[in-house]
Amino acid sequence: MTDPTLRVLLSAGQIRERIAELGKQITVDYPGETLQLICILKGACFFLADLARAIERDIRVDFMGISSYGKGKTSSGEVRVTKDLDISLEDSHVLVVEDIVDSGVTLNYLIHLLEQRRPKSIRIAALLDKPDRRLRPVHVSYVGFKIPDEFVVGFGLDYAEKYRNLNDICVLEEPVKAPAAAETVI
Ligand code: PRP
């Protein structure tokens, strides 16, 4: 099925190859270590599933839910944990797995939060990075692709919960815009 509003930015093959490279790099960087992967729900679970299988080390997986306010507008920096981890991070090598870093508000907050749990080390792997959108500093150790400031969907990324199951990452050319409150005709 072709959707005229979607333009492929990164094909399934490109994504597969890049994740395999990231897995090899992570394998080299953690010799003989157990690695605790933390998947940030929901979008990153697709990336996590492939990345985890590309890392040839003993790994553990846990999930965290985060919700941020003011996203895409002025960033208030207010972030809320909607689902916390089931495990302790003390003395663990932690790799936070994200689908995309945009303003950096989510990860900037999250890294400070997780550092308080005294992991042995903490790094970030993000499939996509939009550096032009950054409002808060975030150091991403493993970046799949740097992409321009376009609205992307697929491979876990959604628009109103749609498109997460696309194999490619696509630019959504004509997102249906909800009318702003000020535009409402009474
Ligand atoms: C996305 C993404 C990050 C965050 C990045 O999540 O997974 O968590 O936004 O944005 P930021 O750098 O501007 O903080 P989203 O809120 O879309 O949730 P989802 O993964 O459940 O779709």
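Here, every reference points to the structure presented above.
Just so it is clear, the structure is predicted and the values come from calculations on it, not from any experiment.

Asker: Any chance you could break down the sheet that holds strand 1 (residues 6–10) for me, citing the residues and the numbers?
Answerer: Backbone hydrogen bonds hold the strands of a sheet together, and the pairing may be parallel or antiparallel. Strand order in the open sheet formed by three strands is 1-9-8, with antiparallel pairing between adjacent strands. Each edge of the sheet is formed by a strand with only one pairing partner; in this case those strands are strand 1 and strand 8 (152–153). Sheet topology places strand 8 next to strand 9 (residues 169–172); two bridges connect them, and they run antiparallel. Across the sheet, residue Val153 finds its bridge partner in strand 9, namely Cys170.

Asker: Quick rundown of the site of the ligand? Include the residues and the values.
Answerer: Residues in close proximity to the ligand total 15 residues, the closest being Glu98, Asp99, Ser103, Gly104 and Thr106. For the ligand, an oxygen atom lies 2.9 Å from a polar atom in the backbone of Asp102. A distance of 2.5 Å is found between an oxygen atom of the ligand and a side-chain nitrogen or oxygen belonging to Thr106. When the ligand sits alone it has 500 Å² of accessible area, and the protein chains cover 84% of it. For the shell around the ligand, the element with the highest residue contribution is strand 5 (residues 93–101), accounting for four residues. Classifying every residue of the shell around the ligand gives four nonpolar, four polar and seven charged.

Asker: Please provide a residue-by-residue account of helix 1 (residues 12–29), values included.
Answerer: An ideal rise of 1.5 Å per residue puts 26 Å on 18 residues; helix 1 measures up with 26 Å between its terminal C-alpha atoms. Every buried residue of helix 1 is listed here: Ile15, Ile19, Leu22, Gly23, Ile26 and Thr27. Seen end-on, helix 1 carries its buried residues on one side only, within an arc spanning 140°. Helix 1 presents Glu17, Lys24 and Val28 as exposed residues on the side facing more than 90 degrees away from its buried surface.

Asker: Got a sec to walk through the packing of aromatic side chains? Specific residues and values, please.
Answerer: Counted by the stated rule, this structure contains one aromatic pair. Centre to centre, the rings of Phe151 and Tyr159 are 5.6 Å apart; their planes meet at 90°, and the pair counts as edge-to-face. Of the residues examined, Phe151 reaches a relative accessible area of 38% and is grouped as partly exposed.

Conventions we followed
- Residues numbered from 1 in each chain as written.
- Predicted model: local features only at pLDDT ≥ 70, side-chain atom pairs only at ≥ 80, totals over all residues.
- Heavy atoms only, no water.
- Pairing = 2+ DSSP bridges.
- Helix = DSSP H or I, 4+ residues; strand = E, 2+ residues; numbered from the N terminus.
- Near = heavy atom within 4 Å.
- Polar contact = N/O pair within 3.5 Å; in protein donor to acceptor, adjacent residues only side chain to side chain.
- Areas by Shrake-Rupley, 256 points an atom, 1.4 Å probe, with all protein chains shown as cover.
- Nonpolar A, V, L, I, M, F, W, Y, C, P; charged D, E, K, R; others polar.
- Expected span 1.5 Å × (residues − 1).
- Buried < 20%, exposed > 50% of the residue type's maximum accessible area, 1.4 Å probe, protein only.
- Arc of directions from axis to C-beta.
- Phe/Tyr/Trp six-rings, centres within 6.5 Å; stacked < 30°, edge-to-face > 60°.

Everything listed here is a matter of geometry and, on its own, says nothing about what the molecule does.
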